[in-house]
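Examination of the molecular architecture
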Amino acid sequence: MDAADRFRELVRAPGPDVRLDEAALCIAARAQPGLDVDAWCARLDELAAECSAPSFDAVREELFVRRGFAGATVDYADPRNSFLDAVLERRRGIPISLSVVVIEVARRLGVVVHGVGMPGHFLVQAAGAEDIWCDPFAGGALLDVDGCRARFDALFRGERVLHPRDLAPTPPRAILARMLANLEQGPLGRDPRAQEWLYELHLSIPGVPAGDRAVLQRKLTRVRAGWN
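Residues numbered from 1 in each chain as written. Predicted model: local features only at pLDDT ≥ 70, side-chain atom pairs only at ≥ 80, totals over all residues. Heavy atoms only, no water.

With respect to the overall build of the protein
Looking only at helices and strands, the protein has 10 helices and six strands in total. For 228 residues, the compact-globule estimate of 2.2 N^0.38 gives 17 Å, and the protein sits close to it at 17 Å. Seen along its three principal axes, the alpha-carbon backbone of the protein occupies a region of about 55 × 45 × 35 Å. Expressed as a percentage of contacts within the protein between residues at least 6 apart in sequence, the contacts between residues at least 24 apart total 54%. If you sum the accessible surface of the protein, you get close to 10,900 Å²; carbon and sulfur atoms cover 51% of it. Averaging the coordinates of the 29 positive side-chain charges in the protein and doing the same for the 32 negative ones gives two points 5 Å apart. (Helix = DSSP H or I, 4+ residues; strand = E, 2+ residues; numbered from the N terminus. Rg over C-alpha atoms; globule rule 2.2 N^0.38 Å. Contact = heavy atoms within 4.5 Å. Areas by Shrake-Rupley, 256 points an atom, 1.4 Å probe, with all protein chains shown as cover. Lys, Arg positive; Asp, Glu negative; His and termini not counted. Charge placed at Lys NZ, Arg CZ, Asp CG, Glu CD.)

Some thoughts on unusual backbone geometry
Among all residues save glycine, negative phi is the norm, and among peptide bonds the norm is trans. Within the chain, Arg91 stands out as a residue other than glycine whose phi angle is a positive 60°. By the element assignment, Arg91 lies in the loop between helix 5 (84-90) and strand 2 (92-93). Of note in this structure, Arg157 is not a glycine but carries a positive phi near 50°. By the element assignment, Arg157 lies in the loop between helix 7 (145-156) and helix 8 (172-185).

Here we look at helix 3 (residues 37-50)
A rise of 1.5 Å per residue sets the reference length of helix 3, with its 14 residues, at 20 Å; its end C-alpha atoms lie 21 Å apart and thus fit the reference within 8%. Within helix 3 the residues assigned to the buried category are Val37, Trp40, Cys41, Leu44, Leu47 and Ala48. Buried residues of helix 3, viewed axially, fall in a sector of 105°; they line one side. For helix 3, the capping residue at the N-terminal end is Asp36, with a side-chain oxygen 3.1 Å from the backbone nitrogen of Asp38. (Expected span 1.5 Å × (residues − 1). Buried < 20%, exposed > 50% of the residue type's maximum accessible area, 1.4 Å probe, protein only. Arc of directions from axis to C-beta. Polar contact = N/O pair within 3.5 Å; in protein donor to acceptor, adjacent residues only side chain to side chain.)

Re the nonpolar core
Phe7, Ile27, Leu63, Phe69, Val101, Val105 and Leu176 are the most contacted members of the largest nonpolar core, which totals 67 residues. Residues contacting Phe69, with those up to four places away along its chain left out, are Leu47, Leu63, Phe64, Val87, Leu88, Arg91, Arg92, Leu98, Val101 and Gly139. (Core = buried A, V, L, I, M, F, W, Y, C linked by side-chain atoms within 4.5 Å.)

A closer look at the pairing of strand 3 (residues 113-116)
Along any regular strand the residues' side chains alternate between the sheet's two faces. Sheet topology places strand 3 next to strand 4 (residues 123-126); four bridges connect them, and they run antiparallel. Each residue of the ladder has a partner; that of Val113, found in strand 4, is Ala126. Counting the residues in the hairpin turn of strand 3 and strand 4 gives six residues, including Gly120, whose phi is positive at 85°. (Pairing = 2+ DSSP bridges.)

Observations concerning the pattern of salt bridges
In total, this model carries 22 salt bridges according to the counting rule given. Glu22 serves as the salt-bridge partner of Arg6, at 2.9 Å between the closest nitrogen and oxygen. Here the residue Arg6 occupies a position in helix 1 (residues 3-11), and Glu22 occupies one in helix 2 (residues 20-31), the gap between them amounting to 16 residues. With a shortest N-O distance of 2.7 Å, Arg6 and Asp38 are connected by a salt bridge. Remark: Asp38 occurs in helix 3 and Arg6 occurs in helix 1; sequence separation between them is 32 residues. Judged by its relative accessible area of 19%, Arg6 falls in the buried class. Residue classification places Asp38 among the partly exposed residues on the basis of a relative accessible area of 47%. Bridged by salt links that share partners, the residues Arg6, Arg19, Asp21, Glu22, Asp38, Asp45, Glu104, Arg107 and Arg108 form one connected network. (Salt bridge = Lys/Arg side-chain N within 4 Å of Asp/Glu carboxyl O.)

Focus: the side chain of Ser97
Topologically, Ser97 is positioned in helix 6 (residues 95-108). Of the polar contacts made by the side chain of Ser97, one reaches the backbone oxygen of Asn81; its length is 2.6 Å. Ignoring any residue separated from it by four or fewer positions in sequence, one finds Ser97 in contact with Asn81, Ser82, Leu84, Val87 and Met179.

Examining the environment of Pro209
Here Pro209 is to be found in the loop between helix 9 (192-203) and helix 10 (210-227). Along the primary structure Pro209 and Ala174 are separated by 35 residues, whereas in three dimensions their C-alpha atoms are 9.9 Å apart.

Observations concerning the environment of Asp191
Mapping Asp191 onto the fold places it in the loop between helix 8 and helix 9. Here Arg193 takes part through its backbone nitrogen, which lies 2.9 Å from a polar atom of the side chain of Asp191.

Written as structure tokens, this is what we have:
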């Protein structure tokens, strides 16, 4: 099964059961033919095995203190910062890709961690920690709601107000859709050959809002027409 077919099969799983690690690595494999998705999943297994305890704090300690995972502040738009294999190799990424690493290492330990798609940024939150969020881009820093608001306000500069729904958990399929949207809007998205497969993967995700789906379909049609 090629990477695109595997991605489509993965995103058809019941919402909570969608495997973020495999699906994110399939995105990377679509851009890098021959990439071994299962081998990179094993790298996540190894990270989980090195955690000192099956806890969220132990995951943070392993990833951000011992391993030095951090935000890519110099080459933020580099597609490698969105490709999970490169994030694991370089220990640098954008907020959403680093969050997927946290979520998936924690899952291997039986620790439930939710992605939180705050507009303009991406956070994680351990299940049951209702008033505490974690910022993987900032080295796993813990934030209360005021800390989240400070990050939000720095991004939007008063153009909008942080709403409680902005800090709610984001479903796995929506996380994958956002990862693809980031790639579509970055340097990779300027390559027509990449545009086609990015739009195809994005459209294969169940639950993409109708408006977004219509825009993606129009873009895909234009790209295909340009090649004919």
